[in-house]
Structures are given as C-alpha cells and as structure tokens.
Amino acid sequence: MSPFTHPPHHAKTRVVHQRWLCNSIVWLIANALCIGSVHASDSEQLDFFESRIRPILVNHCYECHSESSKQLAAGLRLDSRAAILRGGDSGSVIVAGKPDESLLIQSVRYESNEMPPNQKLDAASIAALEKWVGWGAPWPDEATHDSLAPAEGYKWSELQQHWAWQPVERPIPPTIDHAALIKNPIDQFVASRLDENALRQPPPAATATLVRRSFIDLIGIPPSPTELSRWVTAIDATPNKRDMQFGQMIDELLERPQYGERWGRHWLDVARYSDTGGWTQDNRSHPFAWRYRDWVVAAFNADMPYDQFVTNQIAGDQLDPESAIGTGFFALGPSYSSDGGDPESIAQAKSETLDDRVDTFSRAFLGLTVACARCHDHKFDPIPTQDYYSIAGIFNNSRETETPLVDVEIQKTYHAHQGKIRAAQDKVKQLQKIPKDQKREPTDQEKEEIKSWQEKTTELKATAPAKYDFAHTIHDAGSNDMKIALRGNLLKSGEVAPRRFLRIVEGQTREHFKQGSGRTQLAKAVVAPSNPLTARVIVNRIWMNHFGKALVRTPSNFGILGESPSHPQLLDWLAVEFVESGWSIKSMHRTIMNSATYQSSSDFDQQAFESDGDNRLLWRMQPRRMDVETWRDSLLAVTSELDTTLGGPSIDRIVDSQRRTLYAKVSRNEPKGSDEFLRLFDFPIPRASAAKRTSNVLPQQFLFMMNSPFMIKRAKALSSLLQRKESTDEARVNFAYSLLYGRSPTDQEREISHQFLATKPVSNDSLDLWQQYCQVMLSANEFMYIR
C-alpha cells in the first residue's frame, strides 16, 4: 500500500492539504511500528551481564555483600538475582526496569548511601549498571546453562564438544531430491533445511529489486535510473547468461571505491571506532584517528587477505609504518586514567584499559567473551582467569605511540626546529630566574635581553613547520608476563600467567609468547589453520551484513551463552571456502551473492511464517531497514548532492555536510554534533565492540523526517532535480519512483499524485506542492527498506 493511499479527493484548502500530508507521515510511523523494534536479545543481555556487570559486583561488592563475606553488611547479598530482589535491611535494592527508583543505582551515584564507600565507581560502570537495571536486571540461570563451578574445575573433555571448538572441516553439500533452484552449494544447504521443515524454497526476486539490493549491500547507495535500467536490461535480455551478467555487475560494484566505505563501516562497528574519547577518565585526544578509518577502507578496497588484515591490527607495527596504522584498532580504544593519584585509582584505570583490549580483541576476532574471566573463571565457557591474564599480559607490554607517515628528513627538520623553540624558551626562563633568585628587579640590560629572546621565541614559533603526518598506533614497551589480579584487583597479585593463547583453542600445551610483547605470536595464533574460530566468525559477519541476520545470531559470542548456528554445515562450508580463497572477502561476496538464496524474493509466506516466524530457515530474503549511514547517503545520492570524495579528517556536524556519513566525527561522550543525528537512528555508541546494529522505531525519527532542515533541503533538492530532468508532472512522477524505489508507479499512485499536485497552492506555505510531495516520497518506508 502506498503512503498516498487516502489523500483528499478535493484538497482545495490549506487545512485539508496539511491533514493529508500529516496522514501520510502517520502512515509511515504506523507501518514502521508494525514491523517492530529490535532490542537486545536475552543472550546479548546475559553476555552484557557477564562482561560488564558481574566484574563490577565481584570487584566492588562481594567482599561485604556475598555468601562468602566474613560479615554480611546490611543484610544484603548481591551474588544472585533472587538475593538482590529480596534486598537487605533497607528492602529491595532494585526496581526492575526503573534504575532511577532503584536504591542500588542511587547508591552508586552517591545520591543515597555512598557505595562502594571507599571510592565512587567510574561513570562507565555506573552507566552499565543503569542499563542492566533498565533491562530488568537479567541474570543467567546457572543451573539451566550448566555453569562451570570453579571449585570443581573445568571438565575439558565434555566442554570441547561444544560446536564452536570443533575443527572446521569441509562438509559435503546435501543432495536435493526434488526440483529446486540451485546455483551453488549454499542453496543445497539452505534447501535441505527447508525440506526438513516442509517449507518451500522462495522464488527469485524481481530483477530490479535484486539490482537495488545488490547496490545498497555493496556500496551503500541505490542505483541511478540509468544504472538500474542498464543492469535490468542486461540481466533479463539473455536468460541463459543471466548469472554471468549478474556476476559482472557484482565485479563492477566491488571495484568501486564506495565498496570500501560501505564495508569498512561494518568493521568500524566491531572495532568500536571513535574520533574522540569518552568519559572523564577517557578523554585522550586522537586528532588523526581518521587515518585508521581510511586504512580500513583502503584494506577492503584492496581486498587485503583477512588473515593479513587481522595480523596488521594486532601487530602491524612489527612490519612497516603503513601496516602499523592497523594497530589503531587498539590505540583508539578507551585508555582510562585515574581521577586521583592514589594506588587504587591508578590500578583501576589500568585494569579497565586492559579489559577493553582483551574484550575487543576476543569478541572481534574470535567471537568469545574472554573479559568475563577477568575476576573469576568464566562461568560458562572454558576460559580460566589465567587465560584472561595471559592475553592481558600481552597488552600490558604494549603502549600507545605515534607512527610518522613521512620521510625521516622531514621528521628531523620538524624536531630540530622544535628543539630551537625549547632552547629559546629555556633561555627566557633562565634570564628571568636570575633577578628573582637575587630578590631584585631585572636591570635594563637584562630586560632587553629577555625581550630579545622572547621575540626570538615568537619568531621561531611563527616559522615552525607544521607537525608531520602520523597515525595513532601501539608499540612494544616490555616483555614481562603478568600476574593474575585476584578478583580483578591489580593490587592483589596471584600467580604468574604466562603470555600464550587460549587453552580451549590450542590445548594444554601452548607456546609461551616471548617475542617482545607477544603480539606477533598472538596474531599468528589467531589466524592459524588449527584455530576453528577466526574464519567462522568473519564469514558469519559477512553473511549477516548481506542477509540482515547472521547464521550465528550472536556474532561476537560463539560460546555456551551464544546461539548455535541455524545452518552449521553451511557455516563450516563458507569458512573452508573463505580460507581456500586466500581469505578473500570479495570472493566471499561473490559466493554468497551468486547463490539463489541471496537472490530470492522477500515476499511474505503465511505458512512459512507460522512455522518459522523469525526466518531462521531462510524461506525468504529478510526485508531490512537501512542503517543510518546508508539512509542518509542514499538521500544525498538520489538528490544528486552526495560528495564522493574519499578519506580525510572527520566532520563535526555531518547533517550540514554532503560527505558520506562514514566521515562523521563520532565520540564516546554524550552526543555532540554528528552523534545527535547518528544515535537517533541507532548508531552504536563506541564504548565497546558492537556485534550488530539494533533497529528501533521512535517517534523522534519521524519528527526528524517531517521537520528537520536536513530533510527540507533534500526535498527542495529533489524537487529541483525533477524539474530539470523532466518537463511534465507525469514524467516527473515516473522518474521519482524509478529514482527512489527502483520501479514504476502503479495506476493508483499516478492518480493520487496527479490529484495532489493539482491542488491549488497556498501562498504562505514554506514548501510548494512539489517540495512537499518530494518530502513524503523521501520519508517513505519503501525508500528506507532493502527488500
């Protein structure tokens, strides 16, 4: 149904016309609300509890408020959900879903009791607790999930049976007995699962729909009417060469520089990329953060083998300056500093920084929540606390630095000039100090000499060359193993944890990393053929960004609390194909997109929906809403305003720019500039690695479409474009539908458009009829959704 389904048949007055326009927008809201909002799943909430909440409770609360406390304070235990809800002497400390009314939150904010009493929690920890209580304080049912009791130790032989720890082997694609549309083995795996559940294979998508889908998936903007016509004609012209023509289109899109911008952004979510710091204790400036962002884009465009892509981000500084830029993956993460000089504050800041490095590393590359073992052995996965500190020790020997990106002579010139400035400043201080030491006023001669050196300092500063280009990177700063921090407290040391890889991956006998920090050996372990996780994790991420949902729907958690794959054999087949292709991401795109599964229709099937409402079996291509970058870029593209310049510094207010949204300056702080717009449309706050985007429907989003200067400008630009391109209203309507939706208008839509555009304009309208028409067309769900 069109957003113009019920316009006034005689829209002759301003009131009626505005009512029609408002009804169109209301239709958009209602339609989107029917699709629903996506919130954190149960597994994601439990994952958040294990990685963020339990460490806070263990480290700051359990000494006085747990079963093991020598003396239970205030009658309150915080080591189970039931105990928390039951409360203590002051009653329940949590009102599930209402953090502001919860005594626990009031206490950590120091609004009520001051807890912990010795030192207030940092802002990030308080925010995590608020989020957790807002979710209803989810807590793992340890009996249900077979919690691993540390006192008993891990039963390694049993735990190793979990699917994610199994070696990756090439499965044989199943044979399909009936007639089915099979283009490659992906379709055999999918069709087999559909057969098992008595579901039909979906028909192919209309060619125009498929072309639009492919453009948006690979380069993040829809095809122009000319491009759409070209490829639809080429693909449909010769049925026996349809696959060849479609493959040619994919190849052309993969060679466009916009491809790297689109897929680089997917990785930046995982890397929790930010241009500026976050909380009060994480405010380090990174003026050249964008160099890492541009490095990622270039790596995708060059189809850098993924094993090399991983290696460069872990230990690129051991190779060359260009590869070193990749270590911005770690350098740009939050680096906490103490808010006081006391040992506890210093230790806590260091602990939080290391935790970020371990957490981001393990989630991004391995799909594991290793950080959950920071204070205690992992409750569900076989990751002992010793393994956490084996990895943390590697990053404990690494420090942030600046890697110059210019010739040595340029560096020498800059530093020599800076040396002259410092020498002149020192001379001024020396001359000023003499009279003060002698407790007298400077003589005229001394004043003249001081003035002369001050002028020389000013002149040197004025003629100083600008600092050379550099990237924020990391480098080795030691080679020592780290001791386990008991209960996560670095001031309470346990036994030494040798730097080495995870036991569940490499077994009990593992190499001790002794080369510098150990990052080079760590990188080798991550991409080793024997590691069953790395290839599975990345092909799962690639699949997710083509289909909207991953085969493993917890993309950064392949552990016990994560979800099992919907098609385990398909996941392994993709992983084997990926490695054998030379770890080529572009090759994986071709494999996936050339399948009948990818090319299937998104048409709704009631019978299939009743059997598999979440579409896990892929009985259709899942319709999905564009993320904020794709939506904004597409709006600028269809109005011919998009600036396609590659790379460069980030932009403070992206809504006032015509650059791609990738180049918005993002922050871990409270939203400023670009953040306000981005977060309105579900952009992840980069305080931690983001496994996938959420898709929430909010009234504020539609108010933005109705009232924001950004949308008004796009409506005016589209109206001007239509006026220039076509000479009649009918032709303009046809062109608009082709440009925005990739199709022709229906007869009903043509009639509705004609009726509205024939309305007598009102002289004091801020937008003329065509501009209002364009605003609604740009705000429609059909434009925002990928089908």
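Residues numbered from 1 in each chain as written. Predicted model: local features only at pLDDT ≥ 70, side-chain atom pairs only at ≥ 80, totals over all residues. Heavy atoms only, no water.

1. Structural notes on the overall build of the protein
- Each helix and strand in the protein was counted, giving 33 helices and six strands.
- Its C-alpha radius of gyration of 30 Å places the protein within 12% of the 28 Å reference for a compact globule of 787 residues.
- Principal axes of the C-alpha set define a box for the protein whose edges measure 95 × 80 × 60 Å.
- Split into buried and exposed, the 787 residues of the protein put 55% on the buried side.
- For the protein, the distance from the average site of its 91 positive side-chain charges to the average site of its 99 negative ones is 3 Å. (Helix = DSSP H or I, 4+ residues; strand = E, 2+ residues; numbered from the N terminus. Rg over C-alpha atoms; globule rule 2.2 N^0.38 Å. Buried < 20%, exposed > 50% of the residue type's maximum accessible area, 1.4 Å probe, protein only. Lys, Arg positive; Asp, Glu negative; His and termini not counted. Charge placed at Lys NZ, Arg CZ, Asp CG, Glu CD.)

2. Some thoughts on the packing of helix 31 (residues 747-757) against helix 32 (residues 769-779)
- At a minimum axis distance of 10 Å, the contact between helix 31 and helix 32 shows a crossing angle of 145°. Listed contacts from helix 32 to Ser753, Phe756 and Leu757 of helix 31 are Leu769, Trp770, Gln772 and Tyr773. (Axes fitted to C-alpha atoms, helices over the stretch in contact; angles between N-to-C directions. Contact = heavy atoms within 4.5 Å.)

3. Considering the nonpolar core
- If you look at the biggest cluster of nonpolar residues, it comprises 162 residues, and the most contacted ones within it are Trp267, Phe361, Phe365 and Trp631.
- Among all residues touching Trp267, those that are not within four sequence positions of it are Tyr292, Val296, Phe300, Tyr306, Phe309, Gln313, Phe329, Ala364 and Phe365. (Core = buried A, V, L, I, M, F, W, Y, C linked by side-chain atoms within 4.5 Å.)

4. Side note on the environment of Glu400
- Looking at the element boundaries, Glu400 is found in strand 1 (residues 398-404).
- Its relative accessible area of 25% is what places Glu400 among the partly exposed residues.
- In this structure, the C-alpha to C-alpha distance between Glu400 and Ala691, residues 291 residues apart in sequence, is 25 Å.
- Setting aside its immediate chain neighbours within four residues, Glu400 contacts Arg284, His286, Ala331, Ser335, His472, Thr473, Ile474 and His475.
- At a separation of 2.9 Å, a polar atom in the side chain of Glu400 contacts the side chain of His286. (Polar contact = N/O pair within 3.5 Å; in protein donor to acceptor, adjacent residues only side chain to side chain.)

5. Observations concerning the pattern of salt bridges
- Counting across every chain of the model gives 49 salt bridges.
- Notably, a salt bridge pairs Lys467 with Glu402, separated by 2.7 Å at the nearest N-O pair. Of this pair, Lys467 sits in the loop between helix 19 (444-462) and strand 2 (470-476) while Glu402 is found in strand 1, placing the two residues 65 residues apart along the sequence.
- Lys467 gets classed as partly exposed once you look at its relative accessible area, which sits at 35%.
- Residue classification places Glu402 among the partly exposed positions, given a relative accessible area of 38%.
- Residues joined by salt bridges that share partners form a network here, namely Lys549, Arg553, Glu563, Asp614 and Arg616. (Salt bridge = Lys/Arg side-chain N within 4 Å of Asp/Glu carboxyl O.)

6. So, the packing of helix 16 (residues 343-366) against helix 17 (residues 385-396)
- Axis separation between helix 16 and helix 17 bottoms out at 9 Å; the angle between their running directions is 110°. The angle between helix 16 and helix 17 places the two elements in the roughly perpendicular class. Where helix 16 approaches helix 17, its residues Lys350, Leu354, Asp355, Arg357, Val358 and Phe361 are matched on the opposing element by Tyr388, Ile391, Ala392, Phe395 and Asn396.
- By residue class, the composition of the contact of helix 16 with helix 17 is seven nonpolar, one polar and three charged. (Parallel < 35°, antiparallel > 145°, perpendicular 65-115°, else oblique. Nonpolar A, V, L, I, M, F, W, Y, C, P; charged D, E, K, R; others polar.)

7. Quick look at the side chain of Ser335
- Examined against the element boundaries, Ser335 turns out to sit in the loop between helix 15 (328-331) and helix 16.
- Within the structure, the side chain of Ser335 is placed 2.8 Å from the side chain of Arg357, a separation counted as a polar contact.

8. Topic: the packing of aromatic side chains
- Under the defined criterion, the tally for this structure stands at 41 aromatic pairs.
- On the basis of an interplanar angle of 75° and a centroid distance of 5.7 Å, the ring pair of Phe578 and Trp583 is categorised as edge-to-face.
- Since its relative accessible area comes to 10%, Trp583 is described here as buried.
- Arg659 extends its terminal NZ or CZ atom over the ring of Tyr663, reaching a point 4.2 Å from the ring centre.
- Positioned above the aromatic ring of Phe710 is the side chain of Arg714, whose terminal nitrogen or guanidinium carbon lies 4.6 Å from the ring centre. (Phe/Tyr/Trp six-rings, centres within 6.5 Å; stacked < 30°, edge-to-face > 60°. Lys NZ or Arg CZ within 6 Å of the ring centre and 35° of its normal.)

9. Focus: helix 9 (residues 225-237)
- Its 13 residues place the ends of helix 9 17 Å apart at the C-alpha level, agreeing with the 18 Å of an ideal helix rising 1.5 Å per residue.
- Taken together, the buried positions of helix 9 are Pro225, Leu228, Trp231, Val232 and Ile235. For helix 9, the buried positions fall inside an angular range of 140° around the axis, keeping them on one side. Of the exposed residues in helix 9, the ones pointing more than 90 degrees away from its buried face are Thr226 and Ala237.
- Looking at the packing, one finds that the buried side of helix 9 touches helix 8 (207-219), helix 10 (242-254) and helix 30 (729-741). (Expected span 1.5 Å × (residues − 1). Arc of directions from axis to C-beta.)

10. Digging into the confidence of the model for the protein
- Model confidence for the protein is summarised by a mean pLDDT of 88, while 92% of its residues fall at 70 or above.
- Throughout residues 1-23 the model reports pLDDT below 50, and contacts reaching past four residues in sequence, or to other chains, amount to 39 contacts.
- Here residues 25-39 is modelled with pLDDT under 50, and outside its nearest four sequence neighbours on either side it reaches 28 contacts, counting other chains as well. (pLDDT = per-residue confidence, 0-100.)

11. A look at the side chain of Asp275
- Inspection of the secondary structure assignment puts Asp275 in the loop between helix 11 (257-270) and helix 12 (290-301).
- Among buried charged residues, Asp275 stands out as having no salt bridge; its nearest opposite-charge side chain is Arg293, 4.9 Å away.
- Here Ser650 takes part through its side chain, which lies 2.8 Å from a polar atom of the side chain of Asp275.
- In this view, Asp275 contacts His286, Ala289, Trp290, Ser650, Ala664, Lys665 and Val666; residues no more than four positions away in its chain are not counted.

12. Some remarks on unusual backbone geometry
- The residue Ala137 is not glycine, and still its phi comes out positive at about 55°.
- One can find Ala137 in the loop between helix 5 (123-134) and helix 6 (156-159).
- For Ala137, a relative accessible area of 2% translates into the label buried.
- Despite not being glycine, Leu618 shows a phi value in the positive range, around 65°.
- By secondary structure assignment, the location of Leu618 is in the loop between helix 25 (606-611) and strand 5 (624-625).
- Overall, Leu618 belongs to the buried group, its relative accessible area being 11%.

13. Here we look at helix 17
- With twelve residues, helix 17 should cover 16 Å at 1.5 Å per step; its first-to-last C-alpha distance of 16 Å lies within 8% of that length.
- Extensive coverage of helix 17 is indicated by the burial of twelve of its twelve residues.
- By the burial criterion, the buried members of helix 17 are Thr385, Gln386, Asp387, Tyr388, Tyr389, Ser390, Ile391, Ala392, Gly393, Ile394, Phe395 and Asn396.

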